[in-house]
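Residues per chain, in single letters:
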Amino acid sequence: MEDIKTLKDTLKDIKILFVDDEEDIRNGTGSFLKKFFDNVIICSNGEEGLQAFKESQDIQVVISDVLMPKMTGTIMVEEIKKINPDIFIIFISASRGVEFKKESNNDIFVKKPLSYNDMKDLLIKINEVVI
Amino acid sequence: MHNNFTTTQLRFDIFKRLFIVFSILLVILIYIVYLAQNKSFEQYNTISQKHIHKTIKHTLNHNINQYRNLLIRLLIMEDVSKYVANFDREGLYKVLKPKFDFLKKENQYFATLHIITKDGKSFLRVHAKDHFGDNIMQLRPMVQEIMKNKTTLIGYETGLHATAFRIIMPLYNGKEFLGSIGIGINPNYFISQISELLSEQGMLFLEDQHLKLFSTNIDFKIGNYRLQTKISEKTKELLNALPKGYAFEDSIQITLNDRIYFIHYENLKDYDNHTLGKYLFFEDITDRINSHNSIRWQLIAVVILFIIIVFILVSGSIMKFSRQLNRFYQDIINTTEENESYLKAVENGSKNLICTIFKGEIFTVNNAFLEFMEYKSLDTFKQQHKLLSELFVKRAGYLDRIIDGKDWFKYVVEKPNKMHKVIFQKDSQEYIFSVTVSKVKINNDRRYLVTFSDITEIETIKNRYEFAINAAQDGIWDWNLQTNELYFTPQWKKQLGYEDNELKNALSTWEEHIHPDDKEQAVKDIQASHNNETEFYENIHRLKHKDGHWVWILDRGQTIFDENGLAVRMIGSHTDITKIKELEEEIKEKDKVMMTQSRSAAMGEMISMIAHQWRQPLAIISMDANNILADIELDMVEQESLKEISLEIINQTNELSKTIDDFKEFFKPVKESEMVLVEEVIKRAFSVVGKSLENNNVAVRKIFSSKQEIDTYSRELMQVFINILNNAKEVLIEKNVQAKEILIELEDTEDTIIIKICDNAGGIPDSIIDKIFEPYFSTKDAKTGTGLGLYMSKTIIEKHLSGTLRVINTHEGACFIIELPFKKANKNIEDK
């Protein structure tokens, strides 16, 4: 396992979009991500997320909840993939039976709640896929 | 008209007979009158003769007494004894002569006054003064007798000068017997006296040996008696008319010159009672006979008249009666004719088939008969069928042409109390008729009046009823409350495993078999029915089966009352509901299982919902922990951020706790109903499912116009709401509806609240809409649904909360409609 400090150095330039409708999740997960990434765009629903992606198309990683008001994570991801099919997607959901189209082999689905190791694995995965 | 002829004939006949009877009667009556009259005439004659004889005797005696008294007076007044004692003949003559003359003058038949001395010599003959001194003792027996016995003597005697009827008395001077004094009267004197009485002349006949003293105009003899009286020519004729050989007999009748005479005689006797002569009298009885005959003829005339009058009266009344009889007869004929036409009308008015049979053949029929037999007239019917019995369908128990060796109608007449039936076939259908026959007499004809009543329908119903009674599983009982007799059908007994003969028909049979725990209520219910407190009797009780197990019986019955409201009879049925009871128990058991299942399912759902609720806070807490761990590893730990994170964690645990509180409500044990606003219950349901709806983008629209608190089990109701809301959510997600919406409406009616929970998921397919409330029916995968949700919801609403739950499809989607009463029915949910 790589040292988390070196991981932080390699990851800090990656631009990341995080979408979740739950404020407390946004805050918690957002502040965690910000510890490793310098550029974290945080949105509260799919619509906002899609908008944010369209504005900054250099976003390399999208981390999103699945069930959200206005636009679900899956729909948002479909739209984003139309723009950038190679983008790396990570779904984080609390619901168990949510249908999920795995269009790219790289895309990941993880279930809440996430342990510290889960988070570290995610960071390592991002590092592998993007860098 | 022959009827008139008959009555005239009848009248003539009666008249003829009457005439003969009256004629005979008349002859008999006349004969009786004749005999009676003759008899009475004879009697009258006898009485008359006796009377005449009496009169003759009386007249004789009277005259004799008169002259005896005269003689006594002469003796006393003229002192005859003194002159005789002194022999003073001249003196005595002077004294007696005027007396004698006077008497002679008075009565020409006064003949002698003679005094005789005791030596039997004549002292003085006043009628012949100069002739005295002669001894007359020898000549006259009477003088000899008086000298000897010295007593008064009366009688006929022939004397010296005259034959006379004499009265001689002894003569005394003091005690000295001087001789006698006597008077003599011509016997014809008495004839004159009596002839005056009899209107015809009398005659004296004297015996020939005695002196013939009296001058006569003819010489006439009857036997030894010679006529001594002067008689008229007429009397002479009468004497000549006497029958030959007549010898002074009574009751002899002679007829002379158209006149009829009776002959009477009387004896003339001497002092010693010897008959010396006969008096003979003729009595003219012509008038008497004539009057007798005229009376006879009058009587006969009266009898004839009477008979004629009676005959006229009787025949008159008979004629009158006959005329009345004729009128009456005419009336009867008219009435008979009227009756017959009336009978015809009645027959034709009847729906029954009526015919009369005369001499074994059909005589008349009514319209209904022809209509049924499909003939236009009786003649055409008779051309086809000589006998009515040809049409009888032969079947056991029904009439045939000959029964017991008799014609069927005679057989029916003789057994009027029996139900007689006959079958006619028409258009390949059988018709059953009941048959009654009565003997009637119309116009002197003896006919049989036959009535056929169509009982096909009744028979069918009867058969069906009998079949029903026999075939039905129900046992029937029939209880006569007056005699306390109780009849059980064989099926009743069969229900308890007995043959018909194994149980007796008595109330005790029921009492012996009923379960002791059920008896009190059953008797109470029966009593209530007898007292007319209940319209029907219904009771469920157990009866002991022959093999020992209990049979559940639904006993239903009805009491029948008489006009005074007295319970007289009770009839009822026993339905074996053991199977139903068992099924009920089974269902109860099943319900219990399903309830438990549904509760578990609901709980599972709750738990999954708790899990859902908890996932976010747990995710947050977990992420907070991740941040701390990351900070530690990155050497970025700051007191401030640690504090912040800790507070956040506490916040989230409060959130978890709150979730538990919300769900705790659901697990509360149900005890009693409570007054609650439905709105409040919905709010509680939303605290459970709200998040899930929110997460799935399901909008909820609420239209609450209810302000009414209702009395209900709120927890159960909440379960129903959660169930329906979850179903709506699931189907909305499944159908992937863009604008998911659930509409909740609350509305009060007069005493209920209506709760509508509608979605816009397009509605329930018609093919399954009827099944969605069935248990274990589900459209969802086994993962998400148990198939009990809606079944349990319906059970809860309808069985526990006394409401209704139904579903309809609107143009947007399904709409579940719950209606609940403000006040729950009195059902205890704990039983379940």
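Being a predicted model, the structure only gives us computed values, none of them experimental. For every chain, the first residue of the written sequence is number 1, and numbering continues from 1 onward in sequence order. For naming, the first written chain is A and the first written ligand is 1, with later ones following in the order written. Only residues with pLDDT of at least 70 are given local features in this predicted model, and only at 80 or more are side-chain atom pairs given and counted; all residues enter the totals for whole chains, interfaces and linings.

1. A word on the overall build of chain A
Counting its secondary structure elements, chain A contains 5 helices and 5 strands. Tracing chain A from N to C terminus, the helices and strands come up as α-β-α-β-α-β-α-β-β-α. For every residue, the other C-beta atoms within 10 Å of its own C-beta are counted; 20 or more classify it as buried, 12 or fewer as exposed, and values in between as partly exposed. C-beta atoms are placed from the backbone. Here chain A, with 131 residues, has 38% of them falling under the buried criterion. Contact between residues is assigned whenever the C-beta positions, reconstructed from backbone atoms, fall within 7 Å. Of the contacts formed within chain A by residues at least 6 apart in sequence, a portion of 63% connects residues at least 24 apart. Only DSSP runs of H or I covering at least 4 residues are called helices, and only runs of E covering at least 2 are called strands; the numbering of each starts at the N terminus.

2. Focus on the confidence of the model for chain B
All names here are of chain B. Residue-level pLDDT values for chain B average 83, and 93% of them are 70 or greater. Known as pLDDT, the predictor's per-residue confidence is scaled from 0 to 100. Low pLDDT, under 50, characterises residues 827-832; the stretch is placed with 7 contacts to residues that sit more than four places away or in other chains. Across the whole predicted complex the pTM is 0.38, and at the interface the ipTM reaches 0.89.

3. Here we look at unusual backbone geometry
Residues and elements named next belong to chain B. Positive phi values are uncommon outside glycine, yet D404 reaches one of about 50°. Topologically, D404 is positioned in the loop between β14 (402-403) and β15 (406-407). According to the C-beta neighbour criterion, D404 is exposed, with 9 such atoms within 10 Å. For S802, which is not glycine, the phi dihedral falls at a positive 60°. By the element assignment, S802 lies in the loop between α20 (789-800) and β29 (804-809).

4. As for the confidence of the model for chain A
When the pLDDT values of chain A are averaged, the result is 85; 89% of them are 70 or greater. The least confident element of chain A, judged by mean pLDDT, is helix α1 (residues 4-11) of chain A at 84; the most confident is strand β1 (residues 15-19) of chain A at 94.

5. Brief notes about the pairing of strand β26 (residues 709-712) of chain B
Residue and element names in this part refer to chain B. Residues of β26 alternate between two faces, with I710 and T712 buried on one and E709 and D711 left unburied on the opposite face. Here a strand pair is declared whenever DSSP counts at least two bridges between the two strands. With 4 bridges connecting them, strand β24 (residues 674-677) and β26 associate as antiparallel partners. Counted as the bridge partner of M675 is D711 from β26.

6. Some details on helix α3 (residues 89-106) of chain B
Turn by turn, an α-helix covers 3.6 residues, leaving residues three or four places apart pointing in a common direction. Its 18 residues give α3 of chain B an end-to-end C-alpha distance of 25 Å, which sits within 8% of 26 Å, the value for a rise of 1.5 Å per residue. The angle between axes fitted to the seven residues ending at a residue and the seven residues starting there is what we call the bend at that residue. Considering bend angle alone, the principal kink of α3 of chain B is centred on L96 of chain B and spans about 35°; proline P98 of chain B follows within four residues of it. Expected span of a helix: the number of residues minus one, times 1.5 Å.

7. Focus on the sheet that holds strand β2 (residues 39-43) of chain A
Residues and elements named next belong to chain A. An order of β2-β1-β3-β4-β5 is seen for the 5 strands of this open sheet, with the pairing classed as parallel. Of all strands in the sheet, those bounded by a partner on one side alone are β2 and β5 (108-111). Within the sheet, the average angular offset between the axes of one strand and its neighbour, ignoring direction, is 15°. Bridge count between β1 and β2: 5 bridges; the pairing is parallel. Bridging across to β2, L17 finds its partner in I41. Where helices are involved, their axes are fitted lines through C-alpha atoms of the stretch in contact, as for all axes, and angles between N-to-C directions lie from 0 to 180°.

8. Describing the sheet that holds strand β17 (residues 429-442) of chain B
Residues and elements named next belong to chain B. Taken in spatial order, the 5 strands make up an open sheet running β13-β12-β18-β17-β16, and their pairing is antiparallel. Every other strand in the sheet has two partners, leaving β13 (361-365) and β16 (420-426) as the edge strands with one partner each. The mean inter-strand angle of the sheet, taken between neighbouring strand axes irrespective of direction, is 35°.

9. Focus on the interface of chain B and chain A
Chain B puts 19 residues into the contact, and the matching count from chain A is 20 residues. The biggest single contributor to the side of chain B that touches chain A is helix α15 (residues 578-633) of chain B, with 14 residues.

10. Some points on the packing of helix α17 (residues 678-695) of chain B against helix α18 (residues 714-734) of chain B
All names here are of chain B. The contact between α17 and α18 brings their axes to 9 Å, and the two run at 30°. In terms of orientation, α17 and α18 fall into the roughly parallel class. The two elements α17 and α18 cross, and the hand of that crossing is right-handed. Of the residues in α18, those in contact with V681, I682, R684, A685, V688, V689, S692 and L693 of α17 are S714, L717, M718, F721, I722, L725, N726 and K729. The classification used treats Ala, Val, Leu, Ile, Met, Phe, Trp, Tyr, Cys and Pro as nonpolar, Asp, Glu, Lys and Arg as charged, and all other residues, Gly among them, as polar. For the contact of α17 with α18, the class distribution of residues is 11 nonpolar, 3 polar and 2 charged. What sets the label is the angle itself: under 35 degrees gives roughly parallel, over 145 gives roughly antiparallel, 65 to 115 gives roughly perpendicular, and the rest give oblique. The crossing is said to be left-handed when, going from far helix to near helix, the turn is anticlockwise and less than a right angle, and right-handed when the turn is clockwise.

11. Thoughts on the nonpolar core
Residue and element names in this part refer to chain B. Core membership is restricted to buried Ala, Val, Leu, Ile, Met, Phe, Trp, Tyr and Cys residues, and these are joined into a nonpolar core through C-beta atoms within 7 Å. Formed by 51 residues in total, the largest nonpolar core has its most connected members in V80, V84, I115, I185 and Y279. Here V84 is in contact with L92, I115, T117, F123, L171, L178 and G179, once residues within four sequence places are set aside. In this structure, M609, V698, A728 and I772 belong to the second largest nonpolar core, which totals 43 residues.

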